[in-house]
Amino acid sequence: MTRAALRNVFAHKARLLMTLLAVTLGVAFVSGTMVFANSITSAYADGSRKSFEHLDVRIRPVAGFGEPGSGRLLDLELLDRARGLSGVGAATGIVAGFAALAGPDGALVGEGWSTQGANYPEHGGARYPIATGREPRAEGEIAIDHRTAERTGYGVGDSVRMSVGGPVIEQRVSGIFATDDGNVAAGGTLTLFDTATAQNLFARPGQYNQIDLKAAPGTSPELLRQQAETVLPNGTEAVTAAELSAEQADVNAGSVRMLAQVLLACAGIALFVAAFLIVNTFTMMVAQRTKELALLRAVGASRRQVTLSVLAEAATVGLVASTAGLAIGIGVGAGVRAVLSTMDSTLPDGPLVVGAATVVAALAIGVGVTVLAAWVPARHAARIPPVAAMSSVYAPATSRSLVVRNAIGSVLAISGFVLVVTATTMVDGKAWLGLGAMLLLTGVFVLTPLLSRPVIAAAGPVLRRFGVSGTLAGQNALRNPRRTAATASALTIGLTLITGLTVIGASAYRTTDALTTANLRADYVVSMANAGPLAADTERKLSGLDAVVASSPRREVQARVEGTNQTVVGLKAEDVDELLDLGFVAGAFTAGQTAIVDAPTATAEGWGLGDSVEVTWPDGVRSHLTITGLYDSSFDDGVKTDISTMDPHLDRVADTTVFVKTEGGASEATKQALQQALGNSPAIRIQDRRDLVDDITGTVGIVLNLLYGMLAIAVVIAVLGVVNTLAMSVHERAREIGMLRAIGLDRSAVKRMIRLESIVISLFGGLLGVGLGVFFGWAVGELVTVLGITTWTLVLPWGRLTLTLAAAALVGVIAALWPARRAAKLDVLGAIQAE
C-alpha cells in the first residue's frame, strides 16, 4: 500500500501541483517570518548585552519617574553612599535624556528610534572610546557616535544643530566615539556632553537620573543589587545589567515581534485557505479513482489501509511542499534583511538565525495541515465498496448527508450570529466576539452548498444572455454544490478579512475626524517628535506671541491617588475651556487645590462633587484635592488638576503637549510664526487638527496596507484553488466536453463556458466575503462604542466594496485561463472514448 501511495503521487503530480504550490507558499510565509524575526531579535539581544558590559547594577528612578521633569532625580549624596558600599568597585553618575540631532538637511537623525544624549563620565574612555578627536570638555562641545557620523557625514570641528526639549542649540563636534549601545545599533543616536552641561540640559546641577555600579572582585551582580537596595531612597530601584539588557532588547525588538505576530497570523490564514484547496483536490482525486480504490478493496485491502494510503499521499505532498517552503522561507528571510540593508535600514547587523524550532515548525505545519485536510477525503475513500470496481459510476454523496450538513451549519451559524450580536453589548465582549465570529464563519462554510443554489440560480438570467455557454456554466456550478462551496469558501475567507478591515478603517477615519473636531478647540497641538517632554519654557514662548489668544501645557506625573498608582494630568485651568471641550457632566475646572475626574472613574470609585481625594506626589508630599468637576471621557480620562498645584512637586517641569489657540484660526503664516518662536527645531511637531487626523489615520492606513498585502497571499492561494478545481473538473468532464464539441459547440464557446463557471463561483465567494466582512466591521464598531468611543460611526465605503466584488470577478477570469484553454484543446474523439 505504501508503494501504491507513492506511485499515485508521481502518477498524479500534475493534479497535485496546485496543492504543492499552496502549501509551499504558506510554509515559506511562516518560515521566512520566523527566520527574519529570530535573526533581528538575536541581533538586538547581542547589541543590548554589549551595551551594559561596563556595569553590573544600575540605580534608577522607578518606571514612570525616569524622564526629566516627571519624577525624582538622584543626587551626589546617593552617589557617595553607593560608592561606600562594600561590594562596589566603581560608581558613576549618569545623566541622560532625549537629544535630537539635526542632519545636514535639517531633518531629525534617527527619527523613530531612540535619540539620546548623556554625559561623558569621568574615566569614560573604556565605555566610550574616542576614535577621532577628543571628549567634550565644555559647554558647546559634543561627541557623536560613529554610526551617526557615518550616516550624517559629520566630522570633528563641524557645527551641528540639535534640540533638547525643544529649543535649538548650536554645538561643535569635538570627537567621534565607538559604542556597542543597543539603541545606536537599532538606529538611534547618542550624543555626549560634558557632565555639567548634561546636568543643565537633562536634570539639575549636581544631579543625575541614574547611577551605574561596577562590582568589586568577588561580588556577584545579585549581591551588589541587594546591597544597593539598602541605600535606595523613595521612588528608586536597583536593576542588574542582565535585566537592563533584556529590557532594552525587548523594547528594540518589540516592533519586529509585533510585525512577526501579524505576519504569522496572516500565514495561518493562508494555510487555512490552502486547506480548502487540499480538501477539494483529494476529494476529486478520490472520486476519479473510485474503480482503482474499489479494486484495492476487492483484492484484500482493508478500510484502514485505504485511509492510510490516501493520508500517506497527503503526507508525501506535505513533506515535499514543506521542504521547498522552508528553503524558500530561509531565502526570503535573508533577502528581506539584505533589501532593508541596501535601503539604509536601521536594523542591527547580525548572523542569519535558522533555529531548530523554525525547521520543526515548518515541517510540522506543512505536513500537519496537508494530512488533516486530506483526512475527510481519506475517510470517504475507505467507504468505497469493492463492488464499485465493476462500475464506472459511484456516487457516495446522498441528499441525507446534505440535510445533516445543513442542520449542523444552521446551528453553528445561528449560534455565532447571536453570540456576535450579544458580544457587541458587553464591555468585556472581545473574546466572545472572536468566538462568535469563528462559529458564524464555520457555520457559513458548512452551509455554503445550500447557499450556493439560490445565489447561482439568481444569476441564471444573466448567464442565459451568453447562450448555451452561459446556461451550461450555471448548471455545472450547481452540479456539485460541495465542490463549488469548498472552492468559493477559500476566496470568502480572504475577502471577509479584507472587507472587514476596509469597513473598520473607513469608520476609524471618520470617527477620528469627528472626535478631533468635537473635542479639540485649540488650533495647534505642539509636541516632541519622539513623544517626549518639551522644555519648560515652550508654552511661555508661544503664549508671548501676538497671534496666540490662549495656551496651556499638558503635564503628566505618576502619583498615588487614594493609594492607587495613576497618571495625574496638569493643565492651565483658566484657558482649558478655549482649548478643549471636555464635555463637563457637572461642575467646572478651577485653579487651586482642586481636581476634575472623568465620570466613569468617579462612578467606579464612588466620588462626587465636593469630595476630597488624597494624592501622593513623587516627592512624597501628600495633598488633598477637592473634586470640582466631572467630565466625559470620550477624549481623555483620569484625574486632572491645575499646573500650579502640580509644579511644586516636580524636580523639573516638562510638558508632553502644548495646546495653542490663535487669532483667526490655523494658517500657514501662523504655523511658521510658531515654528520660528521655537527656533525651527527639527524635534518639535506643530500640528493643526487636520495634521492630527492625518497622523493617526496615516498610521492606521499603513497597518491596513500591510495587512492587505499579507492577506493577498491568501487570495493567491484561493485563486490556485479555483484553478485546481476547474482543471480537475475539466479532466473529470472530458467525455462530456467531447460530446458538446461533437454536437457543435466550438472552442470559443467551451472557453466561455469555463470562464463563466469560474466567474460565477468567484462572485459567489466574493458576495459571501463582502457580506460577512461588513457584518464583522459593524460588530467591531458596536463593541468600540460600548468600550467608550461613543463617536464611532459606521462607514460603508461603497466604492471599495464594489471594487472588491470586481476583484472577485477578475479572480474568476484569471483562474479560468488555463483550464479553459485546456478544455478547448481536448481531442474530440479521444474525449468521447474516455471513461
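Presented here is an overview of the structure given in this document. Per chain, residues are indexed from 1 in the order of the written sequence. Under the rules for a predicted model, residues below a pLDDT of 70 receive no local features and side-chain atom pairs below 80 are neither given nor counted, while totals for whole chains, interfaces and linings still include all residues. To get the side-chain values, take all heavy atoms of the structure and skip hydrogens and water.

## Quick look at the overall build of the protein chain
And step 1. Check the secondary structure of the protein chain and you find 28 helices and 24 strands.
And step 2. Across its three principal directions, the C-alpha atoms of the protein chain cover 100 × 65 × 50 Å.
And step 3. Any two residues having at least one pair of non-hydrogen atoms within 4.5 Å are treated as being in contact. Here the contacts in the protein chain between residues at least 6 apart in sequence split such that 82% fall between residues at least 24 apart.
And step 4. Asp and Glu count as negative and Lys and Arg as positive, but His and the ends of the chain are not part of the count. For this purpose, a charge sits on NZ of Lys, CZ of Arg, CG of Asp or CD of Glu. Looking at charge distribution, the protein chain has the averaged site of its 66 positive side-chain charges lying 21 Å from that of its 69 negative ones. Here a helix means four or more residues in a row that DSSP labels H or I, a strand means two or more in a row labelled E, and each is numbered from the N terminus.

## Quick notes on the side chain of arginine 127
And step 1. Structurally, the position occupied by arginine 127 is in the loop between β6 (115-119) and β7 (130-133).
And step 2. Looking at arginine 127, its side chain comes within polar contact range of the side chain of tyrosine 128, at 3.3 Å.
And step 3. Among the polar contacts listed, one links the side chain of arginine 127 to the side chain of aspartate 212, at a separation of 3.1 Å. Residues adjacent in sequence count toward polar contacts only when both atoms are side-chain atoms; beyond that, a polar contact is any pair of N or O atoms within 3.5 Å, and within protein one must be able to donate a hydrogen and the other to accept it.

## Brief notes about helix α3 (residues 76-83)
And step 1. Burial classification: accessible surface area is computed with a 1.4 Å probe over protein chains only, and a residue below 20% of its type maximum counts as buried, one above 50% as exposed, and the rest as partly exposed. Residues Leu78, Leu79 and Ala82 constitute the buried set of α3. End-on view of α3: buried residues confined to an arc of 105 degrees, all on one side of the axis.
And step 2. Tucked into the core, α3 has its buried residues touching β1 (57-61), β2 (74-75), β3 (88-94), β12 (207-208) and β13 (210-215). To be clear, the arc concerns the directions from the helix axis to the C-beta atoms.

## Some thoughts on helix α14 (residues 430-458)
And step 1. The end-to-end C-alpha separation of α14 is 37 Å, well short of the 42 Å expected for 29 residues at 1.5 Å each.
And step 2. At every residue, the bend is computed as the angle between two fitted axes, covering the seven residues ending there and the seven beginning there respectively. The sharpest bend along α14 comes to roughly 60 degrees, located at threonine 448, with the proline proline 449 sitting one to four residues further on. To estimate the expected span of a helix, subtract one from its residue number and multiply by 1.5 Å.

## Observations regarding the sheet that holds β13
And step 1. For two strands to be treated as a pair, DSSP must find at least two bridges joining them. What the 4 strands build is an open sheet, ordered β3-β13-β1-β14; its pairing is antiparallel. Strands at the two margins of the open sheet, each flanked by one partner only, are β3 and β14 (236-240). In this sheet, neighbouring strand axes are inclined to one another by 20 degrees on average, regardless of whether the strands run parallel or antiparallel.
And step 2. As defined by bridge partners, β1 adjoins β13 across 3 bridges and the pair is classed as antiparallel. Following the sheet pairing, valine 57 is matched in β13 by leucine 213. Fitting a line to C-alpha atoms yields each axis, with helices limited to the stretch in contact; the angle taken between N-to-C directions then spans 0 to 180 degrees.

## Considering the environment of leucine 810
And step 1. Among the structural elements, leucine 810 can be located in helix α26 (residues 798-815).
And step 2. Residue leucine 810 is classed as partly exposed on the basis of its relative accessible area, which comes to 49%.
And step 3. Residues leucine 810 and glycine 583 lie 227 residues apart in sequence; the distance between their C-alpha atoms is 50 Å.

## Some remarks on the packing of aromatic side chains
And step 1. Here a pair means two rings of Phe, Tyr or Trp (six-membered ring of Trp) with centres within 6.5 Å. Their orientation is stacked below 30 degrees between planes, edge-to-face above 60, and tilted elsewhere. Applying the stated criterion across every chain, the model contains 7 aromatic pairs.
And step 2. Summarising the aromatic geometry, the rings of tyrosine 120 and tyrosine 128 are spaced 6.4 Å apart at their centres and angled 40 degrees between planes, so their arrangement reads as tilted.
And step 3. Ring geometry for phenylalanine 584 against tyrosine 631: centres 6.5 Å apart, planes inclined by 70 degrees, an arrangement best described as edge-to-face. Placement of the pair is phenylalanine 584 in strand β18 (residues 584-587) and tyrosine 631 in strand β21 (residues 622-631), with a sequence separation of 47 residues.
And step 4. Tyrosine 631 sits in the buried class, given a relative accessible area of 0%.

## Considering the nonpolar core
And step 1. For this analysis, a nonpolar core means a set of buried residues of the types Ala, Val, Leu, Ile, Met, Phe, Trp, Tyr and Cys, connected via side-chain atoms within 4.5 Å. The biggest cluster of nonpolar side chains holds 73 residues, and the ones touching the most others in it are Val273, Leu440, Leu491, Met753, Ile754 and Phe776.
And step 2. Those residues in contact with isoleucine 754 that sit more than four places away from it in its chain are Leu726, Val730, Arg733, Ala816, Pro819, Ala820 and Ala823.
And step 3. Judged by nonpolar contacts, the second largest core, of 34 residues, contains Ala91, Ile144, Tyr154 and Val160.

## A look at the pairing of strand β15 (residues 524-528)
The two faces of a sheet get side chains in turn, since along a regular strand they alternate between them.
And step 1. Buried residues dominate β15, accounting for 5 of its 5 residues.
And step 2. Here β15 pairs with strand β23 (residues 657-662) via 4 bridges, running antiparallel. Looking at the pairing, valine 525 lines up with phenylalanine 659 of β23.

## Comments concerning the packing of α14 against helix α16 (residues 468-479)
And step 1. Contact pair α14 / α16: the axes reach a minimum separation of 10 Å and the direction vectors enclose 175 degrees. With respect to their mutual orientation, α14 and α16 come out roughly antiparallel. Contact residues: Ser452, Arg453 and Ile456 in α14; Gly474, Ala477 and Leu478 in α16.
And step 2. Partitioning the contact of α14 with α16 into residue classes produces 3 nonpolar, 2 polar and 1 charged. With respect to orientation, any angle under 35 degrees is reported as roughly parallel, any angle over 145 as roughly antiparallel, any angle of 65 to 115 as roughly perpendicular, and every other angle as oblique. All residues other than Ala, Val, Leu, Ile, Met, Phe, Trp, Tyr, Cys, Pro, Asp, Glu, Lys and Arg, Gly among them, are scored as polar; the first ten of these are nonpolar and the last four charged.

## Details of the pattern of salt bridges
And step 1. Salt bridges are counted wherever a side-chain nitrogen of Lys or Arg sits within 4 Å of a carboxyl oxygen of Asp or Glu. Taken as a whole, this structure holds 23 salt bridges when the rule is applied.
And step 2. Arginine 225 is paired through a salt bridge with glutamate 222; the nearest N and O atoms lie 2.4 Å apart. Taken together, the residues span about one helical turn, with arginine 225 and glutamate 222 both in helix α7 (residues 221-228) at a distance of 3 residues.
And step 3. For glutamate 222, a relative accessible area of 36% puts it in the partly exposed group.
And step 4. Put simply, arginine 554 and glutamate 556 hold a salt bridge, and the shortest N to O gap is 2.3 Å.
And step 5. Overall, the relative accessible area of 33% leaves glutamate 556 in the partly exposed class.
And step 6. Here the salt bridges share partners, and the residues they tie into one network are Arg58, Arg127 and Asp212.

## Details of the packing of helix α25 (residues 747-786) against α26
And step 1. One can describe the packing of α25 onto α26 by two numbers: an axis separation of 8 Å at closest approach and a directional angle of 150 degrees. Classed by the angle they form, the pair α25 and α26 counts as roughly antiparallel. Considering only the axes of α25 and α26, their crossing is right-handed. Taken together, the residues of α26 that come into contact with α25 (itself represented by Ser758, Ile759, Ser762, Leu763, Gly766, Leu767, Val770 and Val774) are Leu801, Thr804, Leu805, Ala808, Ala809, Val811, Gly812, Val813 and Ala815.
And step 2. Considering only residue class, the contact of α25 with α26 consists of 12 nonpolar, 5 polar and no charged. By definition, any crossing whose near helix is turned counterclockwise from its far helix by less than a right angle is left-handed, and any crossing with a clockwise turn is right-handed.

## Observations concerning unusual backbone geometry
And step 1. The phi torsion at glutamate 562 lies on the positive side, around 50 degrees, for a residue other than glycine.
And step 2. Within the secondary structure layout, glutamate 562 lies in the loop between β16 (548-561) and β17 (564-571).

## What about the pairing of strand β10 (residues 168-177)?
And step 1. As defined by bridge partners, β7 adjoins β10 across 3 bridges and the pair is classed as antiparallel. Bridging across to β10, glycine 133 finds its partner in glycine 175.
And step 2. Here strand β8 (residues 141-145) pairs with β10 via 5 bridges, running parallel. From the neighbouring strand, alanine 143 faces β10, where its bridge partner is glycine 175.
And step 3. Judged from the 5 bridges that link them, strand β9 (residues 159-163) and β10 form a sheet pairing that is antiparallel. Following the sheet pairing, serine 159 is matched in β10 by arginine 172.

Purely geometric numbers; function is a separate question.
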